[in-house]
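Given next are the chains, with one letter for each unit.
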Amino acid sequence: MTWDQIQTLKPVISNPYSSKYALFRNPRNMNDGSFVSLADFLDLTKKSSSLTGILISIEFAAYLAEEQGLSVTEAVINSLSKAGFNNQTALKVMIQSTNSSVLTKFQGKNDYELVYKIEEEIRSLDDGALNDIKSLADSVVVGKASVFPDTKLFLTGSTDVVSKLQAKNLSVYVETFSNEFVSQAWDFFSDATVEINSYVMGANIDGVITDFPKTSARYKRNRCLALGDNTPAYMSPVQPGALLQLISPPFMPPSEAPSPVLTLEDVSEPPLPPVSPTGSASNPNSTAPAPASRNAQPKIAAGSILLSLAMLLSALFLF
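This structure is a prediction, so every number in the text was calculated from the model and none was measured.

**Details of the overall build of the chain**
Okay, step 1: A count of helical and extended segments in the chain gives twelve helices and eleven strands.
Okay, step 2: Counting the 319 residues in the chain, one finds 42% classified as buried.
Okay, step 3: Contacts in the chain between residues far apart in sequence, at least 24 positions, make up 73% of those at least 6 positions apart.

In structure tokens:
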């Protein structure tokens, strides 16, 4: 599609729990807004007085280079430069990707924070994976289940993922925190604030990624967080697996295989391929073969730059 055609499309608000639970977010304004270019997005953030930074998530870079003849990494680098983000300190710039080859392209490029996203649910990391991630990123994003694994929404315990990453001086952000009661494990009493508190106080994560930044911002303002030894019992984190122990055997959820350990082979990957001069950009109906979906592999589906307004980041940094 051309840019003019894209601008005629109507955006639709994300409703991750609509198909299964018929829970819809803000139906009255579900089509508000419009699609903007990266340049317009950067200009919008510079005019805002409430944002602390921007996050640009880059995926499908290898596909775009080989099949469409486009370098998405160079497009982002050039847009940031033209918008003046190379010589400003007011807004933090975070570059996120599930591909180590993408982050390598941004190493040494100004003072950007490079964020490696682990899309799989994991229970640990081996030394090779830890060292490779440390060599290319400043922080890591993991899913909630990689911190507190669960089965049928009952927490089964905790992992060493956060502690291992922080031991390498990597900040750990966890996603995605939502307000819908079906998004939280039963251990959190269907309470979004209890869930956030348990990850912050119990798992010692560095920040949350959320669909509802006001909920996280309200949690940051909770005066109980500064009471130290006088913190009330209701602000204590839940104990992972405690609720599961109260279930009688006939009603126990089925046991599940443990999540894998992230290895060096999952992280390491070759450099991005050169931009193909004979890419299929002129043929919008062409498709690329479907590769595997592990972190170290190219991603399937059409390429795009996923832009996240830093409203998320306003609630990201907890302390």
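**Quick notes on the nonpolar core**
Okay, step 1: The biggest cluster of nonpolar side chains holds 62 residues, and the ones touching the most others in it are Leu80, Ile95 and Ile133.
Okay, step 2: For Ile95, the contacting residues outside a window of four places in its chain are Ile56, Ile58, Val76, Leu80, Leu103, Phe106, Tyr112, Glu113, Leu114 and Val115.
Okay, step 3: Counting residues in hydrophobic clusters, the runner-up holds six residues, among them Leu55, Met94, Tyr173 and Ile209.

**Side note on the side chain of Thr210**
Okay, step 1: Tracing the backbone shows Thr210 in strand 9 (residues 207–210).
Okay, step 2: We classify Thr210 as buried; its relative accessible area is 2%.
Okay, step 3: At 2.8 Å, the side chain of Thr210 and the backbone nitrogen of Phe212 are in polar contact.

**Digging into the pairing of strand 1 (residues 53–58)**
Okay, step 1: When you tally the buried positions in strand 1, you get six out of six residues, the bulk of the element.
Okay, step 2: Neither face of strand 1 is exposed, since Gly53, Leu55 and Ser57 on one face and Ile54, Ile56 and Ile58 on the opposite face are all buried.
Okay, step 3: Sheet analysis places strand 1 next to strand 2 (residues 92–97), joined by five bridges and oriented parallel. Of the residues in strand 2, the one forming a bridge with Leu55 is Met94.

**Points about helix 3 (residues 38–47)**
Okay, step 1: Within the sequence span of helix 3, burial applies to Leu38, Phe41, Leu42 and Thr45. Along the axis of helix 3, the buried residues cluster in a sector spanning 95°; they form a single face.

**Section: unusual backbone geometry**
Okay, step 1: At the junction of Glu175 and Thr176, the peptide bond is cis and its omega measures out at -15° in the coordinates.
Okay, step 2: With respect to the helices and strands, the residue Thr176 is situated in strand 8 (residues 171–177).
Okay, step 3: Look at Ala22: it is not a glycine, yet its phi comes out positive at around 55°.
Okay, step 4: Judged by its relative accessible area of 51%, Ala22 is exposed.
Okay, step 5: Even without glycine at this site, Asn204 takes up a positive phi of about 60°.
Okay, step 6: Considering the arrangement of structural elements, one finds Asn204 in the loop between helix 9 (192–202) and strand 9.

**Considering the side chain of Gln68**
Okay, step 1: Within the secondary structure, Gln68 sits in the loop between helix 4 (61–67) and helix 5 (72–82).
Okay, step 2: Under the relative-accessibility criterion, Gln68 is labelled buried at 14%.

**Some points on a nonpolar patch on the surface**
Okay, step 1: Where nonpolar side chains cluster on the molecular surface, the patch consists of Met1, Trp3, Leu9 and Phe35 and spans about 420 Å² of accessible area.
Okay, step 2: Summarising the element assignment, Phe35 is placed in the loop between helix 2 (18–21) and helix 3.

**Re the layout of surface pockets**
Okay, step 1: Taken as a whole, the second largest pocket holds about 310 Å³ of empty space.
Okay, step 2: Lining the second largest pocket we find 18 residues, and of these Lys144, Ala145, Asp150, Leu153 and Ser183 sit closest to its centre.
Okay, step 3: Counting only elements with at least two residues in the lining of the second largest pocket, the list comes to strand 8 and helix 9.
Okay, step 4: Of the residues assigned to the lining of the second largest pocket, the class counts are nine nonpolar, four polar and five charged.

Here is what the cut-offs are and how they apply
Residues numbered from 1 in each chain as written. Predicted model: local features only at pLDDT ≥ 70, side-chain atom pairs only at ≥ 80, totals over all residues. Heavy atoms only, no water. Helix = DSSP H or I, 4+ residues; strand = E, 2+ residues; numbered from the N terminus. Buried < 20%, exposed > 50% of the residue type's maximum accessible area, 1.4 Å probe, protein only. Contact = heavy atoms within 4.5 Å. Core = buried A, V, L, I, M, F, W, Y, C linked by side-chain atoms within 4.5 Å. Polar contact = N/O pair within 3.5 Å; in protein donor to acceptor, adjacent residues only side chain to side chain. Pairing = 2+ DSSP bridges. Arc of directions from axis to C-beta. Patch = residues over 30% accessible without salt bridge, like charges linked within 9 Å, V, L, I, M, F, W, Y side chains within 5 Å. Areas by Shrake-Rupley, 256 points an atom, 1.4 Å probe, with all protein chains shown as cover. Salt bridge = Lys/Arg side-chain N within 4 Å of Asp/Glu carboxyl O. 1 Å grid on protein atoms, 1.4 Å probe; cavity = no way out; pocket = protein on both sides within 12 Å on 5 of 7 lines; lining within 4 Å. Points joined across faces, edges and corners; volume = space filled by probe spheres on them. Nonpolar A, V, L, I, M, F, W, Y, C, P; charged D, E, K, R; others polar.

Such coordinate-based values are descriptive only and should not be taken to indicate function.
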